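Inside the fold
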Amino acid sequence: MQFRIEALDQHYGSSQVLRQVGLEIAPGECLAVLGRNGAGKTTLLKCVMGLIAPSAGRVLLDGADITGWSPNRRSRAGIAYVPQGREIFSELTVGENIEAAARAHGTYGTAAMEEAVSLFPVLAEMWKRPGGALSGGQQQQLAIARALVTRPRLLILDEPTEGIQPNIVAAIGEVLRALKGRLSILLVEQYLDFAIETADAFLILSRGAVVESGRAEAMSRAHLTRFIAV
Ligand SMILES: Nc1ncnc2c1ncn2[C@@H]1O[C@H](COP(=O)(O)OP(=O)(O)OP(=O)(O)O)[C@@H](O)[C@H]1O
């Protein structure tokens, strides 16, 4: 899957939040987007998912211009989004959260559903518990599994480690690294060690503009730290 953004602008009213943002994700790779609070990272992800329309620029999936597509259509085309704060259905059980996503995407009872669940063993253990009874880390695992049930080719994650205990952060990192190669990942992450362990390439946003981008191996930790200290 080839994913590319060209010269994206976004405004909230009269304030410009994204300025000529461009990026490309190589098939099977993880691109991590870093930047201080308010740099425009979440806004960028929402534009990729079609939740907000950019004021200018293009979003391209396998060469097709999907800029005007609805979130549903993007989801069917293989883009899955795990928003910040996770947004699972807290009244539904873990199983119902998974099954609802699987039914909506025609993967109910398929290997895709089984595999997504098996990546996070805690989900089977908690299958009949309401989503709201899970810890923050468990909810994040549920949210990622629910996204994977849709068999995405591009998985978008907004700060998946935020407020989560270290052992679950490690488990999520392992899963993401194992998934690379089979799907591409667009990761917004403030936790630098996690981003460094997971990403193949970095893009740094500052005040809505790309100030730096490159291969992970070409960027030192000290260099990256400069861009995310709050
Ligand atoms: N719905 C909105 N209406 C108006 N301004 C907004 C809206 N959402 C975000 N903004 C502003 O746009 C800018 C970018 O916000 P965004 O959430 O994209 O940044 P971010 O890099 O994800 O930050 P954080 O790390 O705090 O989530 C900020 O100045 C924010 O206040």
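About the cut-offs
Residues numbered from 1 in each chain as written. Predicted model: local features only at pLDDT ≥ 70, side-chain atom pairs only at ≥ 80, totals over all residues. Helix = DSSP H or I, 4+ residues; strand = E, 2+ residues; numbered from the N terminus. Expected span 1.5 Å × (residues − 1). Buried ≥ 20, exposed ≤ 12 C-beta atoms within 10 Å, placed from the backbone. Contact = placed C-beta atoms within 7 Å. Pairing = 2+ DSSP bridges. Right-handed = clockwise from strand over helix to strand, strands pointing away.

Per an unreviewed UniProt entry, the protein goes by the name Urea ABC transporter ATP-binding subunit UrtE and belongs to Ancylobacter polymorphus.

A word on helix 6 (residues 136-148)
Under the 1.5 Å per step criterion, the end-to-end length of helix 6 is 18 Å for 13 residues, consistent within 8% with the ideal 18 Å. Burial analysis of helix 6 places twelve of its 13 residues in the buried class, the great majority of the element. When we look at burial in helix 6, the residues that qualify are Gly-137, Gln-138, Gln-139, Gln-140, Gln-141, Leu-142, Ala-143, Ile-144, Ala-145, Arg-146, Ala-147 and Leu-148. Residues of helix 6 that are buried make contact with strand 6 (79-82), helix 3 (94-104), helix 4 (111-118), helix 5 (121-125), strand 7 (154-158) and helix 7 (166-179).

Here's the deal with the pairing of strand 7
By the criterion of burial, strand 7 is predominantly enclosed, with five of the five residues buried. With four bridges joining them, strand 6 and strand 7 adopt parallel strand pairing. Each bridged residue has a counterpart across the sheet, and for Ile-79 the counterpart in strand 7 is Leu-154. Pairing of strand 7 with strand 8 (residues 184-188), which is carried by five bridges, proceeds in the parallel orientation. Looking at strand 8, one finds that Leu-155 is bridged to Ile-185. In this view, the connection linking strand 7 to its parallel neighbour strand 8 by way of helix 7 has right-handed handedness.

Describing unusual backbone geometry
A positive phi angle, near 45 degrees, is found at Ala-7, a position not held by glycine. Locating Ala-7 in the fold gives a position in strand 1 (residues 3-12). The exposure class of Ala-7 is partly exposed, given the 13 C-beta atoms found within 10 Å. Positive phi outside glycine occurs at Glu-159, with the angle close to 50 degrees.

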